[in-house]
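Notes for the structure review
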Amino acid sequence: LSRWGWKGIIIPDLHRHSENRWEERIFDMAPRTSLGRVAGDEVEEEEVWVDHGTMANPRDKESGDILPSAVPDSPRVKKDSSGSLPGRSSVRRSLSRDQEEARGEVNSRMEQLEFDYLRRQRKIFGMNRPLFFCLCAALIVGASAGIFALSSLEGSKSSAPVPDDGEVVDESYSPPADGDLGPLAEVAYKYLAYDQIVERVLQLEKDFPDLVEVYTTQDRYNLPSAGKCLIAGDSTADCKVYVMRLTNKARFTPQTPQVFFSGTLHGNERVGPTAVTEFATLLLNLYRRDGWARRLLDTRAITIVPAANALGYSQNRREENGIDPNRDFAWDQRLPNGARPATVQICMKTIAARSINEIWREHVFQLSITFHGGDSLIAYTWGDTLHCNGWTHIRSICSGGYEAPDAQGMWKLTSTLKEYVGTFTGVAKYNVGALNDPTVIYPVHGGMEDWAYGASWSSGGVKCAPTTLAAKGMYPEKQTVYGNSTHRAINLLVETAYDKTPAEGMLGTSKDVFHAGGGATGAEGDGHVTRNIRLCWMITDAVEPYVEITGVDALPTTVTPGGKFSVSWQVGGAFTINRAEVQCLDGSGKNKCSSRATKDVEVWVNGARQGPWTTEVTVDADASGPLKIRVWALVDQFFAATDRPEAFKGVPQTHFVNARTNNAWLAKAGDSEVVGHRDWYSQTVDISVSSARRLIPHVRKTH
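Since the structure is predicted, the reported quantities are computational estimates derived from the model, not experimental observations. (Residues numbered from 1 in each chain as written. Predicted model: local features only at pLDDT ≥ 70, side-chain atom pairs only at ≥ 80, totals over all residues. Heavy atoms only, no water.)

Pairing of side chains with opposite charge becomes possible as their charged atoms draw close. Within the structure shown, the criterion is met by 23 salt bridges. Across the pair Asp 541 and Arg 609 runs a salt bridge whose closest N-O atoms are separated by 3.7 Å. With Asp 541 in helix H11 (residues 528–542) and Arg 609 in strand E25 (residues 608–609), this pair connects stretches of sequence that are 68 residues apart. Each of the salt bridges in this network shares a partner with another, and the network as a whole consists of Glu 269, Arg 318, Asp 324, Arg 327 and Lys 500. (Salt bridge = Lys/Arg side-chain N within 4 Å of Asp/Glu carboxyl O. Helix = DSSP H or I, 4+ residues; strand = E, 2+ residues; numbered from the N terminus.)

Let us look at the state of the cysteines. Tallied over the entire structure, the rule returns four disulfides. Shown here is the disulfide that connects Cys 347 with Cys 464, its sulfur atoms set 1.9 Å apart. Taking the sign of the S-S torsion, about -110° here, the bridge from Cys 347 to Cys 464 comes out left-handed. One end of the pair, Cys 347, is in the loop between strand E12 (343–344) and helix H8 (351–361); the other, Cys 464, is in strand E16 (residues 463–464), with 117 residues separating them in the sequence. (Disulfide = S-S within 2.5 Å.)

Okay, the packing of aromatic side chains next. All told, the structure shown has 20 aromatic pairs when counted by the stated rule. On the basis of an interplanar angle of 70° and a centroid distance of 5.5 Å, the ring pair of Phe 260 and Trp 360 is categorised as edge-to-face. Placement of the pair is Phe 260 in strand E10 (residues 258–262) and Trp 360 in helix H8, with a sequence separation of 100 residues. This pair shows no difference in class: Phe 260 is buried, exactly as Trp 360 is. Among the aromatic residues, those joined into a ring-pair cluster are Phe 260, Phe 329, Trp 360, Phe 365, Trp 451 and Tyr 482. Positioned over the ring face of Tyr 215 is Arg 220, at 3.7 Å from the centre of the ring. Between the NZ or CZ atom of Arg 295 and the centre of the ring of Tyr 546, over which it lies, the distance is 3.9 Å. (Phe/Tyr/Trp six-rings, centres within 6.5 Å; stacked < 30°, edge-to-face > 60°. Buried < 20%, exposed > 50% of the residue type's maximum accessible area, 1.4 Å probe, protein only. Lys NZ or Arg CZ within 6 Å of the ring centre and 35° of its normal.)

For the rest of this paragraph, the subject is the confidence of the model for the protein. Per-chain confidence: the protein averages 77 in pLDDT, with 68% of residues scoring 70 or above. Under a pLDDT of 50 for its full length, residues 117–126 has, in the predicted model, 14 contacts with residues more than four places off or in other chains. In the model, residues 693–703 has pLDDT below 50 throughout and makes 72 contacts with residues more than four positions away in sequence or in other chains. (pLDDT = per-residue confidence, 0-100. Contact = heavy atoms within 4.5 Å.)

To continue, consider H8. Taken across its eleven residues, H8 has ten buried, putting it largely inside the fold. For H8, the full list of buried residues reads Ile 351, Ala 352, Ala 353, Arg 354, Ser 355, Ile 356, Asn 357, Glu 358, Ile 359 and Trp 360.

Here we have eight strands laid out as an open sheet, ordered E6-E9-E11-E10-E13-E17-E14-E15, and mixed in their pairing. Sheet topology places strand E6 (212–216) and strand E15 (431–434) at the edges, where each strand pairs with a single neighbour. Taken pair by pair, the neighbouring strands of this sheet meet at an average axis angle of 15°, ignoring direction. The strands touched by H8 within the sheet are E6, strand E9 (242–246), E10, strand E11 (301–305) and strand E13 (367–372), with E10 carrying the most contacts at an inclination of about 175°. (Pairing = 2+ DSSP bridges. Axes fitted to C-alpha atoms, helices over the stretch in contact; angles between N-to-C directions.)

Judged by pairing direction, the sheet is antiparallel, and its four strands sit side by side in the order E18-E20-E26-E22 without closing on themselves. The open sheet has two free edges, formed respectively by strand E18 (546–550) and strand E22 (593–595), since each of these has just one partner strand. Neighbour to neighbour, the strand axes of the sheet diverge by 40° on average, direction disregarded. Taken together, the six bridges between strand E20 (residues 564–572) and strand E26 (residues 613–619) define a ladder with antiparallel strand orientation. Bridging across to E26, Ser 566 finds its partner in Glu 616.

Angle between the axes and distance between the axes: these two values describe a pair of packed helices. Remark: helix H3 (residues 194–207) packs on helix H5 (residues 271–285), axes separated minimally by 11 Å, with the N-to-C direction vectors making an angle of 20°. Classified by the angle between their axes, H3 and H5 sit roughly parallel to one another. Here H3 runs over H5; the crossing is left-handed. Contact residues: Ile 197, Arg 200 and Leu 204 in H3; Pro 273, Thr 277, Glu 278, Ala 280, Thr 281 and Leu 284 in H5. (Parallel < 35°, antiparallel > 145°, perpendicular 65-115°, else oblique. Left-handed = near helix turned anticlockwise from the far one by under 90°.)

Next comes the structure, spelled out in structure tokens:
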């Protein structure tokens, strides 16, 4: 008992003892042995061959019936229509007098072992068990009282739920169940004013110091304020552009993939700032309770600017001091006469554009969203006048020429987002397509979308030397000279609703963020904020593929040469599995098993993620020793396929596409690094190959 513990002992079922029959209970046992079955004065050896580490069901030699290896109420054993266990009759035998004596000796010995074990279990760390638990309870009560006293003195300014330190209740990497937010209270979303956003982000940093960093672009980049904002009734406070960065700081590395969310460039388009702030709130509060939320924060870095146009948002005005921030970026700028000089003074005039510019200069974002209002769509580049056949000063309808080299990946991303984000009562699914597609929207000068996509590699970029806010310092031209890595993102324009400020009752509730169907059918309580939280969630997931073996505990710890077992696995952060297979690596790195490959499978179908998938594996006949089990996957290769439609041809330029299709891809800037991988692997699980079959011992008793 002291060596193997309670789980490693075969004990008689004392609760079901009777005079004439006895029945076995088999527990998973470390050293497999063979145990004799008494037959008169002889011992007939009964051997049961199983893989080490599995809970096997032995077969009766005479009838071939499967013998139960668990108690009758166990879900592992099904009863037949009569209520009996399968093969139950095969384990019942009449016993001779010699067998009765043998049974008595076994029972006596087992009862003594059980008594000794329970006696030792009554003591912990050398003290009586009840006394130990009393001391633990006293310590817990004392600590709880101290924590309560401190929290009562300090208070909380945030309406967001504050987390506890409980364990994660769901380790799956899929959406939480319909309406399942664990112990979090349901929240009916309401518009957050500028000062409420500031209060919320500062409280989140206080509540989650290991996951949140908050700063302003005024403090970090020495940018001036655009004007005065209303903060807690004080109209004289300087407007500051607040930035949140969410990631597990202890796990962050230069290769952690990064995403960016801008809540508003136009101050009167109101859904975005609330949506990105509530997304951060929900994600952080689910970190300790949901496996998917934990994965996102552990393996991604999320930069959120709720209100880049802080002045316009505070005033509920589109512009910042009369200038449109989404015409102010260093891209496709023209003078009134149509000329395009290399350096102009008509861009980077707003603090909103400068703030985003400074953030992007020191990061490498792969995916990005800029939220707007006034339409209902998700659109991707190109969206400028340079990629618009037929464009003139008086005609802004394009006849073609707007297909970007990365359009295949952009289309797959946005069409999947459309289904996952879904709809709700009275509101249709988002329209998707290229910005310059006349069925989607229209081209603009100086838009953030094209700047974020092409400023590092395309000819559309310009240098900006604005004189706006000269009294507080001009903006240097060198700040719009970019390296080869920073501006290669898929940056999506999301128009959240036809109404720039929908009724507050249409914003939705937190319980419907993950309602059944992934947003495909709508639900009571769903709304504009709710579905755009889903949008942010999926963009964060999609930034990098991952493969995960699920149900690790169900895998055997030992297999035999030529034996078979099954592996369940899941893929996330991707859209199409081109090929996947299970591998069993020996010490030299050779694959010592075979499995049928999974090919050309869609990860998302009608807004719902598919999987997990299960693969049967056959161990090679010459396999031996320890093996490391993993799943390999190749995903989304059609993003860069050479046989794409003619309009999409061209070498993909984004990190998002190249990071999963190009092994030679390498990009660095600031604290970021993107390395291309065509091969994606799960975690490894260790198993052993036994050199010979092992035995499960088995004891019979009557009742």
